[in-house]
Amino acid sequence: LNHFLDCLIAYFDKNICIIFKKKRDIDIAYAIVELLKRREEIENFNKKSLYILIREMTNVNTSSITSVVNVFKKHYKKVSNNFYSNGTVTLKKINLFF
């Protein structure tokens, strides 16, 4: 699981600016990736507390966070299928069509 999460973090680090165009969305995405990187330090892993952490990091409203999280979910499904079938995650140019 840790290896997969590290690959997922690398994928998003490399592709955030391709996936998102608005600065606000990019900031939210980097905040989410930062939380994934610091997952060992986070004590309370529930949705409400994570959203509060992201709001504190980015100073945006919850609906903006939700829209970015929904895009992350789509990419997560694609990346996880790729990882479990190939054993790795391709970090090259991504396909934005689902």
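Structure: above.
Residues numbered from 1 in each chain as written. Predicted model: local features only at pLDDT ≥ 70, side-chain atom pairs only at ≥ 80, totals over all residues. Heavy atoms only, no water.

How do you make sense of the packing of helix H2 (residues 23-37) against helix H3 (residues 47-58) when you look at a structure like this?
To characterise two packed helices, one gives the angle between the axes of the helices and the distance between these axes. In the contact formed by H2 and H3, the axes pass within 10 Å of each other and the chain directions differ by 125 degrees. Our classification of the angle between H2 and H3 gives oblique. The chirality of how H2 crosses H3 is right-handed. Note on element contacts: H3 touches H2 through Leu-50, Leu-53, Ile-54, Met-57 and Thr-58, opposite Asp-27, Ile-28, Ala-31, Ile-32, Glu-34 and Leu-35. Split into classes, the residues belonging to the contact of H2 with H3 amount to eight nonpolar, one polar and two charged. (Axes fitted to C-alpha atoms, helices over the stretch in contact; angles between N-to-C directions. Helix = DSSP H or I, 4+ residues; strand = E, 2+ residues; numbered from the N terminus. Parallel < 35°, antiparallel > 145°, perpendicular 65-115°, else oblique. Left-handed = near helix turned anticlockwise from the far one by under 90°. Contact = heavy atoms within 4.5 Å. Nonpolar A, V, L, I, M, F, W, Y, C, P; charged D, E, K, R; others polar.)

Sorry if this is basic, but what is going on with the nonpolar core here?
Proteins that are soluble and globular tend to have nonpolar side chains buried together. Counting 27 residues, the largest nonpolar core has Phe-12, Ile-16, Phe-20, Ile-28, Ile-54, Val-68 and Phe-72 as its most contacted members. Taken together, the elements giving at least two residues each to this core come down to helix H1 (2-19), H2, H3 and helix H4 (62-86). Considering every element that reaches this core, the biggest residue donor is H1, with nine residues. Excluding its chain neighbours within four sequence positions, the residues that come into contact with Val-68 are Phe-20, Asp-25, Ile-28, Ala-29 and Ile-32. (Core = buried A, V, L, I, M, F, W, Y, C linked by side-chain atoms within 4.5 Å. Buried < 20%, exposed > 50% of the residue type's maximum accessible area, 1.4 Å probe, protein only.)

Honestly, H4 in this entry has me stumped. Any pointers?
Counting along an α-helix, one turn takes 3.6 residues, and residues three or four places apart therefore face a common direction. Across its 25 residues, H4 extends 35 Å between first and last C-alpha, which sits within 8% of the 36 Å expected from 1.5 Å per residue. Within the span of H4, buried status applies to Ser-64, Ile-65, Val-68, Phe-72, His-75, Val-79, Ser-80 and Phe-83. On its buried face, H4 is in contact with H1, H2 and H3. One or two residues past the end of H4 sits Gly-87, with phi positive at roughly 85 degrees. (Expected span 1.5 Å × (residues − 1).)

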